[in-house]
Each structure stands twice: as structure tokens, then as C-alpha cells.
Amino acid sequence: MFSFLYKCLVKPILFQIDASKVHQSVSDLGERFGQFRLTRSILGSFLRYRHPSLEKTLCGIHFENPIGLAAGFDYEAKLPGVLPAVGFGFATVGTVTLHPYKGNEGVQLDRFPRSQALLVNKGFKSLGAKAIIRKLEGRVFEIPVGISIGSTNKIFHTIEEQIADIINTFQLFEQSEVKHSYYELNISCPNTVTGQPFLQLHYLWSLLSELEKLALAKPVFVKMPIDLSQTETLALLTTIDASFISGVIFGNLTKDKHNPDVHRDDRALWQSRKGNLSGKPTWERSNRWIRLTRQHFGKRFVIIGTGGVFSGRDAATKFEAGADLVQLITGMVYEGPQLVGEINRYLAHGVYL
Ligand SMILES: Cc1cc2nc3c(=O)[nH]c(=O)nc-3n(C[C@H](O)[C@H](O)[C@H](O)COP(=O)(O)O)c2cc1C
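None of the values given here were measured: they were computed from a predicted structure.

Asker: So what about the overall build of the protein? Which residues, and what values?
Answerer: Scanning the protein for helices and strands turns up 13 helices and 13 strands. Here the C-alpha radius of gyration of the protein, 19 Å, is about what a compact globule of 353 residues would show, namely 20 Å. With respect to the three principal axes, the spread of C-alpha positions in the protein is 55 × 45 × 40 Å. Across the 353 residues in the protein, those meeting the buried criterion constitute 58%. Within the protein, residue pairs in contact and separated by at least 24 positions form 75% of the contacts whose partners lie at least 6 positions apart. Total accessible area computed for the protein in this model is approximately 14800 Å², and 56% of it derives from carbon and sulfur atoms.

Below is the structure:
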């Protein structure tokens, strides 16, 4: 019923309105709902699905279910209160950067419905690490909350300066009273002025070595790119394998304007637009790299499968490919917030975990 209402009534209206404005309003509403026990429990009674077979413990973190909110939706830390009621088993805040950034010029968020995708051009829009810490300190989270960290979107004179920017953000969170459970290290944002320097192995190694010196008590998962070749992807994984990193997330947005999973008409439109795509154009590539990682590295990494999950069957495909956990954003925008509970119900009954 929720799915029908959302797709036939709510979505047609929301999709007429500027996507950034909708995102802002939904986040504000979610923040309000998350503040009150009553609204949380009403929402939870409709949306949340719990079943013992969905529970998992990975890296010492207990997950009520394996479906999480991916980085980028809650970059202002408004939603940790409400997300358990929506049915999520974990949630990532961010990407957070050391310094605040208002986001890239031009349209920052749009929809490509023919491709079942979102066009994202935020470029690490962030309140800055200190503001996010102030919002989160002292709060008790009902589900594991992770912090995604990337470098501030600005020009750096040296790679050492850029590494220091990232390390400082980790240090601020380490020294804070925020009760987060894990970190994501975002090396693959395709929308920033410095490009993706940490996809070069020596720079990645320098970053991981500096990070290791912090002796972080919480696990770190690396957010991976999906548009590289198999050789390049394996080289990144091999470098990460030699480090302290606990897991990888496959993966981030696609910036490949020849991606065959983008609808023909959208591909033409995309040429003249800034930004990169989420949703179904990321589905095949994410699955391919999850499979590759499991085949080559066995159980070395926790693998989080992210990209194009629009149904319970889609989530099951990610687990069959080798994922331990799944994250999503775009499926919820296209299918409605009841999707998370629907996926969990499907997984519990199909025993796909
Ligand atoms: C609006 C939006 C903003 C995003 N911002 C970030 C981000 O800040 N950091 C990040 O690691 N990934 C970001 N992503 C990528 C998502 O975390 C995810 O990897 C990607 O969207 C694929 O999942 P999906 O198809 O379920 O959306 C963003 C995605 C969307 C749709």
C-alpha cells in the first residue's frame, strides 16, 4: 500500500519540485520526526521490519539488519534519530570535510528517471567537521552510525597538505564525544577540484600509512570508485589489503559518460551537465567489483555493496555477489521510504544472508 501511495501520489508531485529543495525539506522533516518518541514509534510501526535472522555482527559492531543509508544523503547529520524508525540497520553521516564548503556551483542534484538515477554535483558540500561534531556529541544512537570523511574541496599545494586535512578530521572525531561505530574513508568522490589523487597507489599508501598512526579504535571502510579497469581496481585493493583497513564499499557514483547502463537520451543530456550518476547506472559495476573482491581476497575485507538497490531481490543479488552489508539512497528516492522494510522482509523470508 505504501509503495502504491508513494509511486502514484507522492512521487509525481515531489518529482515536479527542485530535487535539492525536496531533499532539504525531507531532511528537515526527518530531523523533526527523529526528535520525538511518539513520531518515531508511529513511523516505526509502519516502516520498520525486525527479524532475528537479519542480525549480524561485523568488526565487533552489532547490526539489527544489514541495510544502511549510504553516504551523501545525511551530510548535515540531521537523520540519525529517525533512520531506525524508517527501518535502516545502520547509517552513514557525511561525507564530512575539515572545512565547511557550500557545494559546487550550478544544479547540485537532479533526477534522470529514464536511467533510474540521480545526477549529483555537490562536491563534498559540508558544514565542516567541528559543526557536525557539535550536532552529534552527547547523542545516543539506536543503530550503528558511521562518519564518512574526505578532504575539503579546495586546491591543495601539496599532497601532504591534503593528507593532513583528512587526518585532522579523523583526529577531531577521535577526540570528540561522538558515539559513532565506524568510519568511511572517501577516496572516490568524482566531483571535487583536486580530482581523485588517492586513486594513485603511492598517494593512497601515504594516506593509509598516516591514518594507521592514529591507531583508530573503530574500523575504517574505504569508499571505492567503480569506473576503473579490473587491473586498476585490483591494484587499489592490493594496496588496501596491505594496510589496517577493515573493509571496502563498492562503490561510489559513476562519472563514465559512456556507461552503457545510462539511458541513451540521458547520455546525450549528461554531456552538457555537471555531476555524476547514482542508481541503476552503478548497479552492474558495483556487483562486478564486489564479486572480484570476494574472489581475490576471500574474507579479508568486510564488503559493503552500494549502487542501484531498488528491491529486496536487488539486495539479495548484492549478498549473493559477496557483500556483507548493503547501503542505498537512490532506490529509496524512486521507490519510497517503505523500501527499507520491504527489503528486510524479503531477505528474512528468503534467508539470503
Ligand atoms: C545525493 C547523493 C549524494 C552523495 N554524496 C556522497 C558523499 O558525500 N560521499 C560518498 O561517499 N558518496 C556519496 N554518494 C554516493 C552514494 O553514497 C552511493 O555510493 C551511490 O549513490 C550509489 O548508491 P545508490 O544507487 O543506492 O544511490 C552520494 C549519492 C547521492 C545520490
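Asker: Run through the nonpolar core, naming residues and quoting values.
Answerer: Within the largest apolar cluster, 85 residues are counted, with the highest numbers of intra-cluster contacts made by Ile-67, Phe-88, Phe-173, Leu-185, Ile-240 and Val-248. Residue contributions to this core peak at six residues, all from helix H6 (residues 159-175). Non-local contacts of Phe-173, meaning those with residues more than four positions away in its chain, are made with Val-96, Ala-129, Ile-132, Ile-133, Ile-147, Ile-149, Val-178, His-180 and Tyr-183. By size, the runner-up hydrophobic cluster in this structure holds ten residues, among which are Leu-58, Phe-90, Ile-304 and Leu-325.

Asker: I'd like a description of the pattern of salt bridges, backed by residues and values.
Answerer: Throughout the structure, instances matching the rule amount to 17 salt bridges. With a shortest N-O distance of 2.6 Å, Lys-78 and Asp-28 are connected by a salt bridge. Note that Lys-78 is positioned in the loop between strand S3 (67-69) and helix H4 (83-86) and Asp-28 in helix H2 (residues 19-35), a separation of 50 residues in sequence. Overall, the relative accessible area of 10% leaves Lys-78 in the buried class. In this structure Asp-28 comes out as partly exposed when scored by relative accessible area, which is 33%.

Asker: Give me the lowdown on the packing of aromatic side chains, citing residues and values where you can.
Answerer: Evaluation of the coordinates by the stated rule reveals eight aromatic pairs. Ring plane angle 80° and centroid distance 5.4 Å describe the contact between Phe-15 and Tyr-334, whose orientation is recorded as edge-to-face. Taken together, the positions of Phe-15 in the loop between helix H1 (2-14) and H2 and Tyr-334 in helix H12 (residues 330-335) put the pair 319 residues apart, joining distant regions of the chain. Classification of Tyr-334 by relative accessible area gives buried; the value is 3%. Look at Tyr-182 and Phe-221: their rings are 5.6 Å apart centre to centre, the planes differ by 40°, and that puts the pair in the tilted class. In this pair, Tyr-182 is assigned in strand S8 (residues 182-186) and Phe-221 in strand S9 (residues 220-224), connecting sequence segments 39 residues apart. Exposure remark for Phe-221: the relative accessible area of 2% places this residue in the buried category. Here a set of aromatic residues connected by ring pairs shows up, and it is made of Phe-63, Phe-90, Tyr-182 and Phe-221. The ring of Phe-15 has Arg-111 lying over it, and the distance from NZ or CZ to the ring centre is 4.6 Å. Note that Arg-288 overlies the ring of Trp-289, its terminal NZ or CZ placed 5.4 Å from the centroid.

Asker: Hey, could you go over H2 for me, with residue numbers and the actual values?
Answerer: In an α-helix, one turn spans 3.6 residues; hence positions three or four apart end up facing the same way. Taking 1.5 Å of rise per residue, the 17 residues of H2 would be expected to cover 24 Å, and the 24 Å separating its terminal C-alpha atoms lies within 8% of that figure. All of the buried residues along H2 are Ala-19, Val-22, His-23, Ser-27, Gly-30 and Gly-34. Down the axis of H2, the sector holding all buried residues measures 130°, keeping them to one side. For H2, the N-terminal cap is Asp-18; the gap from its side-chain oxygen to the backbone nitrogen of Ser-20 is 3.3 Å.

Asker: A description of the site of the ligand should follow, citing residues and the corresponding values.
Answerer: Taken together, 21 residues sit near the ligand, with Ala-71, Thr-95, Lys-223, Gly-251 and Thr-330 positioned nearest. A distance of 2.9 Å separates an oxygen atom of the ligand from a polar side-chain atom of Asn-186. Contact between the ligand and Gly-279: an oxygen atom at 2.9 Å from a main-chain N or O atom of the residue. Its free accessible area being 600 Å², the ligand has 96% of it covered by the protein chains.

Asker: Account for the packing of helix H7 (residues 201-212) against helix H8 (residues 230-241), naming residues and giving values.
Answerer: Two elements in contact, H7 and H8, have axes whose closest approach is 10 Å; the angle formed by their N-to-C orientations is 25°. Taken together, the axis directions place H7 and H8 in an arrangement best described as roughly parallel. Seen from above, H7 lies across H8 with right-handed handedness. Judged by residue contacts, Leu-201, Leu-204, Trp-205 and Leu-208 of H7 engage Ala-235, Leu-236, Thr-239 and Ile-240 from H8.

Asker: Mind laying out unusual backbone geometry, listing which residues take part and the relevant values?
Answerer: Between Gly-94 and Thr-95 the backbone carries a cis peptide bond, its omega angle lying at 10°. Mapped onto the fold, Thr-95 is located in strand S4 (residues 90-96). In the segment running from Phe-250 into Gly-251, the intervening peptide bond is cis, with an omega of -10°. By secondary structure assignment, the location of Gly-251 is in the loop between strand S10 (247-250) and helix H9 (264-271). Positive phi outside glycine occurs at Gln-116, with the angle close to 50°. Taking the relative accessible area as the measure of exposure, Gln-116 reaches 30% and is therefore partly exposed. A positive phi angle, near 45°, is found at Ala-215, a position not held by glycine. Mapped onto the secondary structure, Ala-215 falls in the loop between H7 and S9.

What counts and what doesn't
Residues numbered from 1 in each chain as written. Predicted model: local features only at pLDDT ≥ 70, side-chain atom pairs only at ≥ 80, totals over all residues. Heavy atoms only, no water. Helix = DSSP H or I, 4+ residues; strand = E, 2+ residues; numbered from the N terminus. Rg over C-alpha atoms; globule rule 2.2 N^0.38 Å. Buried < 20%, exposed > 50% of the residue type's maximum accessible area, 1.4 Å probe, protein only. Contact = heavy atoms within 4.5 Å. Areas by Shrake-Rupley, 256 points an atom, 1.4 Å probe, with all protein chains shown as cover. Core = buried A, V, L, I, M, F, W, Y, C linked by side-chain atoms within 4.5 Å. Salt bridge = Lys/Arg side-chain N within 4 Å of Asp/Glu carboxyl O. Phe/Tyr/Trp six-rings, centres within 6.5 Å; stacked < 30°, edge-to-face > 60°. Lys NZ or Arg CZ within 6 Å of the ring centre and 35° of its normal. Expected span 1.5 Å × (residues − 1). Arc of directions from axis to C-beta. Polar contact = N/O pair within 3.5 Å; in protein donor to acceptor, adjacent residues only side chain to side chain. Near = heavy atom within 4 Å. Axes fitted to C-alpha atoms, helices over the stretch in contact; angles between N-to-C directions. Parallel < 35°, antiparallel > 145°, perpendicular 65-115°, else oblique. Left-handed = near helix turned anticlockwise from the far one by under 90°.

Honestly, it's all geometry; don't read function into it.
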